[in-house]
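Understanding the architecture of this molecule
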Amino acid sequence: MKSAGQVVSVSHLTKILENATDEEKDYLDEALGCASRGFFRASVVLGWSAAVHRMHKTIERLGFDEFNKKCVEAKNAGGRFKRFNKSFEVHSLSDLRSVFDIDLLWVLEYWELVDSNQHERLSICLTMRSNSAHPGEAPVTEENLASFYSDLKAFVFDNPKFKLLRLSLIH
């Protein structure tokens, strides 16, 4: 166990870029631009999109058939997963994008790509994303934003289980 301690304020948000791919950096650069201008809700929506992109690309790397298998296993597991009652037939990234993020997090936990505590914290990030995308009275503060990005960095972008292979082109 270790303390993330990496993103402690808005001024430290650029640390999220350390292990981001070029595709993710497009979203995250825009997200950080929003944050620097005080558009925290927009930043959260874009930041979550980058994290989900990483989750999707990891599932693609590990195999859609394996994802489908884990969905069925989680549905039948009982215990902590007793309320998870979904199954999916995913064969492409397009199919995967139709899976709700909350369901995705349950499958990732069952697959042991995140543990139960990470799942819960990522669920809080997802709630912040949902709250940011819809009208409401709960503001997103600088502290909320720092916590959001700290969790995404620690549990998704720096998580070795979500590491993406980088292919170099030979010229």
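Definitions and limits used
Residues numbered from 1 in each chain as written. Predicted model: local features only at pLDDT ≥ 70, side-chain atom pairs only at ≥ 80, totals over all residues. Heavy atoms only, no water. Salt bridge = Lys/Arg side-chain N within 4 Å of Asp/Glu carboxyl O. Helix = DSSP H or I, 4+ residues; strand = E, 2+ residues; numbered from the N terminus. Buried < 20%, exposed > 50% of the residue type's maximum accessible area, 1.4 Å probe, protein only. Contact = heavy atoms within 4.5 Å. Patch = residues over 30% accessible without salt bridge, like charges linked within 9 Å, V, L, I, M, F, W, Y side chains within 5 Å. Areas by Shrake-Rupley, 256 points an atom, 1.4 Å probe, with all protein chains shown as cover. Lys, Arg positive; Asp, Glu negative; His and termini not counted. Charge placed at Lys NZ, Arg CZ, Asp CG, Glu CD.

This paragraph deals with the pattern of salt bridges. Per the stated rule, a full pass over the model turns up 11 salt bridges. Glu60 is the partner of Lys57 in a salt bridge, and the nearest nitrogen-oxygen pair spans 2.9 Å. Remark: Glu60 and Lys57 occur in helix H2 (residues 40-62); sequence separation between them is three residues, near one turn of the helix. The exposure class assigned to Lys57 is partly exposed, which follows from its relative accessible area of 22%.

The next point concerns the environment of Gln118. Within the element layout of this structure, Gln118 appears in helix H6 (residues 116-133). Remark: the alpha-carbon pair of Gln118 and Asp151, spanning 33 residues in sequence, is separated by 8.3 Å. Contact partners of Gln118, with chain neighbours within four places excluded, come to Leu113 and Phe155.

Attention shifts here to a negative patch on the surface. Together, Asp22, Glu23, Asp26, Asp29 and Glu30 line one region of the surface with negative charge. Its location among the elements puts Asp22 in helix H1 (residues 22-36). Look at Asp22 and you get exposed, because its relative accessible area is 62%.

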